[in-house]
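# Report on the structure
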Amino acid sequence: MAEGARPGPLGGRHERPDARAKVAGSTRYVADLALPGMLHAALAVSKVPSARVAGIELAAARAVEGVEAVLTAADIPGKNLVGVIFEDQPLLVEDRVRMVGDRLALVAARTPEAAWDAARLVRGRLEPLPSVHDPVAALEAGTTRVHDTGNLVRTFRVVRGDLERAHARAAVVVEAEYHVGGQEHAYLEPQGCLAIPEGRDRITIITSCQCPFYVQQAVARVLGLSLAAVRVEQAPTGGGFGGKEDYPSEPAACAAVLAFATGKPVRLVLPRELDMQASTKRHAVVVRHRWGAGRDGKLRFAEVETFMDAGAYIGLSTVVAERANVSSIGPYDVGAVRVATHVVYTNNLFGGAFRGFGQPQVSWAAEATMDTLARALALDPLEFRRRNVLDGRRRRMCTGQLLPRPVLARECLDRAAELAGWEGFHAKPRAASGARREGMGIGLVLYGCNLHHGGQRLDRSSAVVILQPDGSVVVRVGLTEMGQGNLAACQTIAAQALGVDPSAVQVWQPDTTTVADSGPTVASRGAHMSGLAILDAVNRLRTRLDPIAAELLGCARDLVELSNGFASVRGEPGRRVSVASVATEMAARRIEGIATGWHRSKARAFDAETGTGAPYEFYAIACQIARVSVDEELGIVRVQEVSAAHDVGRVIHRDALEGQIEGGIVQGIGWATTEELKLDAGRLANPNFTDYLIPTAADAPRIKIAVVESDGAGGPFGAKGVGEPSLIPAAAAVRNAVCEALDVEIRRLPLSPPTVVEALGERHPFAWLIAGRKEEEHAGLATADRER
Amino acid sequence: MDVPVREVFRPSSLPEALAVLSERPGARPIAGGTDLMVQLRDGRAHAAALVDLGRLGLDLVLESESELEIGAATRMDRIAAEPRIRSLFPALAAAASQVGAWPIQCRATLGGNLANASPAADTAPPLLVEGALLKVASSAGTRRLAIEEFFLAPGRSALAPGELILSVVLPFPGTDAGARTVERFAKVGARREQVISLVSLAGRAVVGADGTLSEVRLALGSVAPTPVRARHAERVLAGRAPAPEVRREAAAALQQDIAPIDDVRAPARYRRLAAAVLLDRFLEEAARA
Amino acid sequence: MPEPVRVTLTLNGERRTFHVPPGRRLLDMLREDAGLTGTKEGCGSGECGTCTVLLDGSPVTSCLVLAASVDGHDVVTVEGLSRAGRLHPLQEALVSLGGIQCGFCTPGIAVTGAAVLARHENAPAEHARLLSGNLCRCTGYTKVLGALKAAATAGEENRG
């Protein structure tokens, strides 16, 4: 019997292993950890986006009572470099400032008040330089250069098919330019870490993070230590969403340098405002489209040019661009494709990883153009998608890769449409009372699970399974829990494979001294990669366990089955012994109860020049349909309901799966409607929850979910990933619903009230009031003031 | 982290509190602290000492024959729930229920909302249309101040150094037989709850049996350096029924009463449109009364 | 160094006295002086709700409350929601219905939610409005509100 088909916790809703401690308030995050003699760290940062550093004055800071260290770049023992891939980013400034938030100095003091007071007294003598704030204009000749290498970091392309011929066959062409705003992760737990030195030989870092291995690499480099001398333990992490993929290396390296300098443990927790200003963000992008379709409603060609605002340092921007690049046309069958995705330096916010990783932005644009084309062809947007979506016969996606079967796009479309009541909604005249207009919109995504071909060398995963003498099981993996349910998934998979109750399995947070580098917990790869590594470890363990069980049962080795806490003989369920008793026997005989596991993704071929080939190993599809009501006069969008259909392969833990979908939808809605990063020459004018508005409980729509399971994908028991497909279609669906409700095209995200009202133009009932009026500015209210 | 104050006083009588406020340099009153604590943390406000008002019995709602008196330390959740306030001064009750979210409402006080003197103060437009009077005290004595005289500039009120708001006095709306008073408050924000208003509007009007409006009072927040009465719009509406052309005229007149700016929350253009929409909706409700 | 202020309060049912700097926030008195780290700091400006505690039975954001102000008052933190080692019914519901992901907002939500239940509030729209000061980024609120509704219904049934 297939492992997944045996009775067990797979697909169920058992209690998540970390839930009880969390709800009681007893889980300890970084800020809840303290050691005797611990110092508190603070950062002195630049308030300007671009400057030459003439000097940094530290005397006043050093004089603050309780301060034990004030350090600058010259005090870094190893290399003054952070940045996960490229060497363009210092930990502490030397001669240049390139973004608001660039670190001038580090402070360690006996109280946090003293540390932050001292940080405020650090005086940077900064001579302002010209700065760049528009990623399109940044590529024009003569523009100020953020780095000497020029503002264009790299262009990724997809070149496939005969464009000229496709142009000739297109009856309808849509040209559009989209301005897609970035997004702040707004994890509820700010970035933070605790660095514990052992002399100047070794160090332990406990940190809120998605990748302890990145932190290990960064700290080793900054301190000049070997990797083995840096131990990084992931603390319970209060949300990540990509914002804790690579960024935690920066506070960790800061705390590590201070710890080595003072010889004491150092804790750094970022204040929310600094976290919002300086940490990574979803990239803001400009997307230009020229897409064409024939009278038959079939797409002929798609040309896409995307400008990604990377900010002052590359970070992960090139990797984000790789994904965006090959995801630019969505899950549709298009014969001729030209995509160019530019990564551009500016002095704006630091673009980085955020759930979806470049795909939400280009998908938002793609789904918008699909609706525009549908309208131009007088076709229902659902029908237009049905005609163009990839399926079992036409399965060549953007790069020419043949999607592995089954291709479930049509199923997801149909299921979502059924849940949403699409036909019924559009059959009757649309509800409109007073200024309220209703609309429905579709978002459809094809998501490449796991890491892009360009990141293949990172795509491995390590696990350790230790069978305890009492039959309980310790599991260690390299992937992290940040709320998405990785602990529950690992527990479920291990329990299913070993035939024990989930409560017998304890999964402990990753620690770089217990497992090998498993890469980051991103790209919806967590359950997949840790699950397969666990299964590998369990298989190896069973080479030692099964013979003992067979002996106790008096049967042949290959007849041993594990389920419900028992080892039994296949076909004779009455002949059984508890797994615990097998474990006890193994321990008594000193048989190795520990096994490691390993998984690597399959190698595949991809041509980076033409963007053709197989960027991903397998794909997940998701369709979400949003129903909105819009107050047309005030431009306020209310998402009433979202119907979601997800191609998940296999459900591992149902509550965790639904939780991801519900959370992703609401985070996507926030990005699409109320979350706006308001920039003033590189400075974030709303670095707080007062003015950066994420959805509250009162904004949550009703959510209906259909789960589409299938075999074939290579994940544990066939599971794919859902972390990102849950967010990507929501924003597109909301935009399309609003545009249907108001019968306008909106090409700017977020759909804030001013943006929606602007889109109505002269149709607004009070537009006549504004015509010809000149605005005056009063300085008094120009700064963000927070009042009640 | 601790806020940078050197001393805290917790007086148990009003004279004691007023004495500290007048004698101790840099002493400031604190009630709920929902604005002040953030400002102290950020260095936008400074206080060598804080005077906690929690023991002075300023948290009360008193009714007499002709007026309601609400103590300055009365919290928003109480104001929102108090039956007499809901029935007599519905705009104030509505505004109180929209100040921040529930945990803020359980802490923020009416006096604090006013003393902070933000142009976006939610309780200000209602109090302006309700004709509120503030009772204010210092160690030199007490005085009454009309709400119209209270707000001077963003963050600046007419309180003199050492002065404390004791209460807000609201005269009962008097209405003739056959007429009805309509009073409403509305606030525009991008999110459903917990938002600083982009525009807010309070309106009160007496609707006669013939449908004409009298005693029209309109006040708006977030569209000028202080909360403001919309007197041009009020004049257009006085004595007339809110028919469509009258409403258009009022919307145009309203533009002279407000001076919104582009700021981090919204552009001025949007605020003008939204203000006109809120006024129009109030008039529509009045027409239905 | 400023003179410490004496604060005597009932904390999770126990009478406690602390001597704290005048500028101490209730949040830090709870976390540092009382060692109760269940109450979190997510923003320090009263907007995220992770620092929510009950003050005389009402939810407040403890990052905005001066510790000195709670002298003579009653404070309950997430640690105090349990009775005799058993979780509050809302906490049980959050666990069993999948309403917890990263867990950082969870203590604040449990505290505010307990206050909602104490008011015998049953309307789902009211639940959402009363909880709107507790931000969550992981769950999308669906299962959180589901847990609150389940606990409210169970509470109704228990009262007969």
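Residues numbered from 1 in each chain as written. Chains lettered and ligands numbered in written order. Predicted model: local features only at pLDDT ≥ 70, side-chain atom pairs only at ≥ 80, totals over all residues.

## Things to note about the overall build of chain A
Using the following cut-off: The secondary structure listing takes helices from DSSP runs of H or I that are at least 4 residues long and strands from runs of E that are at least 2 residues long, numbered from the N terminus. Only the C-alpha atoms count toward the radius of gyration. The rule for a globule is 2.2 Å times the residue count to the power 0.38. Counting other C-beta atoms within 10 Å of a residue's own tells you its class, since 20 or more makes it buried, 12 or fewer makes it exposed, and anything in between is partly exposed; those C-beta atoms are placed from the backbone. Here, residue contact means that the backbone-derived C-beta atoms of the two residues sit within 7 Å.
Scanning chain A from N- to C-terminus turns up 19 helices and 32 strands. For a compact globule of 788 residues, the expected C-alpha radius of gyration is about 28 Å, and chain A comes in at 27 Å, within 12% of that figure. Principal axes of the C-alpha set define a box for chain A whose edges measure 90 × 70 × 50 Å. Expressed as a percentage of the 788 residues in chain A, the buried residues total 62%. Counting only contacts in chain A whose residues sit at least 6 apart along the sequence, the fraction spanning at least 24 positions is 81%.

## What about the overall build of chain B?
The secondary structure content of chain B amounts to eleven helices and 14 strands. At 19 Å, chain B has a C-alpha radius of gyration in line with the 19 Å of a compact globule built from 289 residues. Once the C-alpha set of chain B is aligned to its principal axes, its extents read approximately 60 × 45 × 30 Å. Looking at the 289 residues of chain B, the share that counts as buried comes to 58%. Counted over contacts in chain B with a minimum sequence separation of 6, partners at least 24 positions apart contribute 63%.

## Let's talk about the interface of chain B and chain C
Under the convention used in this document: Residues are sorted three ways: Asp, Glu, Lys and Arg are charged, Ala, Val, Leu, Ile, Met, Phe, Trp, Tyr, Cys and Pro are nonpolar, and all the rest, Gly among them, are polar.
Chain B puts 27 residues into the contact, and the matching count from chain C is 28 residues. Those elements that place two or more of their residues in the side of chain B that touches chain C are β1 (7-9), α2 (36-42), β3 (49-52) and α6 (102-105) of chain B. Considered class by class, the residues forming the side of chain B that touches chain C number 13 nonpolar, five polar and nine charged.

## Some thoughts on helix α15 (residues 579-588) of chain A
All names here are of chain A. We count it as follows: Note that the arc is computed from the directions linking the helix axis to the C-beta atoms.
Those residues of α15 lying buried are Val579, Val582, Ala583 and Met586. All buried residues of α15 project into a common sector of 100° when viewed along the axis, lining one side. Elements that come into contact with the buried residues of α15 comprise β18 (460-467), α13 (486-498), α14 (526-553), β21 (560-563), β22 (566-569) and β23 (572-578). One or two positions beyond α15, positive phi appears at arginine 590, with a value near 60°.

## Here's the deal with the sheet that holds strand β13 (residues 213-221) of chain B
All names here are of chain B. What counts here: Strands are treated as partners if at least two bridges between them are detected by DSSP. Here an axis means a line fitted to C-alpha atoms, over the contact stretch when the element is a helix, while the angle between two N-to-C directions is reported on a 0 to 180 degree scale.
Read from one edge of the open sheet, four strands run β11-β12-β13-β14, paired in antiparallel fashion. Unpaired on one side and paired on the other, β11 (180-188) and β14 (228-229) mark the two borders of the sheet. The sheet contact formed by β13 and β14 spans two bridges and is antiparallel. Bridging from a neighbouring strand, leucine 220 pairs with valine 228 of β14. Packing of helix α11 (residues 268-288) onto the sheet brings it into contact with β11, β12 (199-207) and β13, and relative to β12 it is tilted by some 25°.

## Examining the interface of chain A and chain C
Where interface size is quoted, it is often the accessible area lost as the parts come together. Contacts between the two partners involve 46 residues from chain A and, on the opposite side, 42 residues from chain C. Those elements that place two or more of their residues in the side of chain A that touches chain C are α1 (19-23) and α16 (654-673) of chain A. With eight residues, α16(A) is the single largest residue contributor to the side of chain A that touches chain C. Looking at the side of chain A that touches chain C, its residues break down into 18 nonpolar, 14 polar and 14 charged.

## Here's the deal with the environment of Ser563(A)
On the secondary structure map, Ser563(A) appears in strand β21. Residue contacts for Ser563(A): discarding those within four places in its chain leaves Arg6(A), Pro7(A), Gly8(A) and Gly499(A).

## A few points about the domain arrangement of chain B
Rules: The split into domains, and so the bounds of each, comes from an automatic or database assignment of domains.
Segmentation of chain B into domains returns domain 1 (7-52), domain 2 (61-171) and domain 3 (180-288). On a C-alpha basis, the centroid separation for the pair domain 1 of chain B and domain 3 of chain B is 36 Å.

## Section: the packing of helix α2 (residues 89-96) of chain C against helix α3 (residues 106-118) of chain C
All names here are of chain C. Keep this limit in mind: Just so you know how the angles are binned, under 35 degrees is roughly parallel, over 145 roughly antiparallel, 65 to 115 roughly perpendicular, and the rest oblique. Helix crossings are classified by the rotation of the near helix relative to the far one: an anticlockwise turn of less than a right angle makes the crossing left-handed, while a clockwise turn makes it right-handed.
With their axes 9 Å apart at the nearest point, α2 and α3 run at an angle of 130° to one another. With respect to α3, the axis of α2 lies oblique. The two elements α2 and α3 cross, and the hand of that crossing is right-handed. Taken together, the residues of α3 that come into contact with α2 (itself represented by Leu90, Gln91 and Leu94) are Thr106, Ala110, Gly113, Ala114 and Leu117.

## Some words on helix α8 (residues 317-326) of chain A
All names here are of chain A. In terms of burial, α8 is largely enclosed, as nine of its ten residues are buried. Residues of α8 that are buried include every one of Ser317, Val319, Val320, Ala321, Glu322, Arg323, Ala324, Asn325 and Val326, and no others. Buried-residue contacts for α8 involve β7 (152-160), β14 (299-311), β15 (336-345) and α9 (359-376).

## Here's the deal with the domain arrangement of chain A
Residues and elements named next belong to chain A. Annotation of chain A at the domain level lists domain 1 (3-26 + 460-600), domain 2 (37-129 + 191-269) and domain 3 (285-397 + 408-453 + 607-763). The gap between the C-alpha centroids of domain 2 and domain 3 is 37 Å. Tallying the contact residues gives 17 residues for domain 2 and 17 residues for domain 3.

## Concerning the nonpolar core
Residue and element names in this part refer to chain A. Which entries qualify depends on this criterion: Any set of buried Ala, Val, Leu, Ile, Met, Phe, Trp, Tyr and Cys residues joined through C-beta atoms within 7 Å is what this text calls a nonpolar core.
Formed by 432 residues in total, the largest nonpolar core has its most connected members in Val107 and Ala256. Among the elements that line this core, the one with the most residues is α14, at 13 residues. Apart from residues lying up to four places away in sequence, valine 107 is in contact with Ala41, Ala42, Ala44, Ala61, Val67, Ala69, Val70, Ala115, Ala118 and Ala119.

## Details of the pairing of β21(A)
Residue and element names in this part refer to chain A. Direction of pairing for β21 relative to β22: antiparallel, over a ladder of four bridges. For leucine 562, the partnering residue across the bridge sits in β22 and is alanine 567. Between β21 and β22, which follow one another and run antiparallel, lie two residues, and asparagine 564 among them has a positive phi close to 55°.

## Concerning the sheet that holds β3(B)
Residues and elements named next belong to chain B. Strand order in the open sheet formed by three strands is β1-β3-β2, and the pairing between neighbours is parallel. Here the strands that pair on one side only, and so sit at the sheet edges, are β1 and β2 (27-30). In this sheet, neighbouring strand axes are inclined to one another by 25° on average, regardless of whether the strands run parallel or antiparallel. By the bridge criterion, three bridges tie β1 to β3 in an arrangement that is parallel.

## Observations regarding unusual backbone geometry
With an omega of 0°, the peptide bond between Arg405(A) and Pro406(A) qualifies as cis. The residue Pro406(A) is located in the loop between α10 (381-388) and α11 (409-420) in this model. Between Leu749(A) and Pro750(A) the backbone carries a cis peptide bond, its omega angle lying at 5°. With respect to the element layout, Pro750(A) can be found in the loop between β32 (748-749) and α18 (753-760). With phi around 55°, Gln194(B) is a residue other than glycine that occupies positive phi space. Position of Gln194(B) relative to the elements: it lies in the loop between β11 and β12. For Gln194(B), a count of 27 C-beta atoms within 10 Å translates into the label buried. With a phi angle near 50°, Asn12(C) is a residue other than glycine that sits in the positive phi range. Note that Asn12(C) resides in the loop between β1 (5-11) and β2 (14-20).

## Concerning the environment of Val507(A)
Residues and elements named next belong to chain A. Inspection of the secondary structure assignment puts valine 507 in strand β20 (residues 505-508). On the basis of neighbour count, valine 507 is assigned to the buried category, with 26 C-beta atoms found within 10 Å. Residues valine 507 and alanine 488, spaced 19 residues apart in sequence, show a C-alpha to C-alpha distance of 8.3 Å. If we skip the residues at most four places from it in the chain, valine 507 touches Pro17, Val475, Leu487, Cys490 and Gln491.

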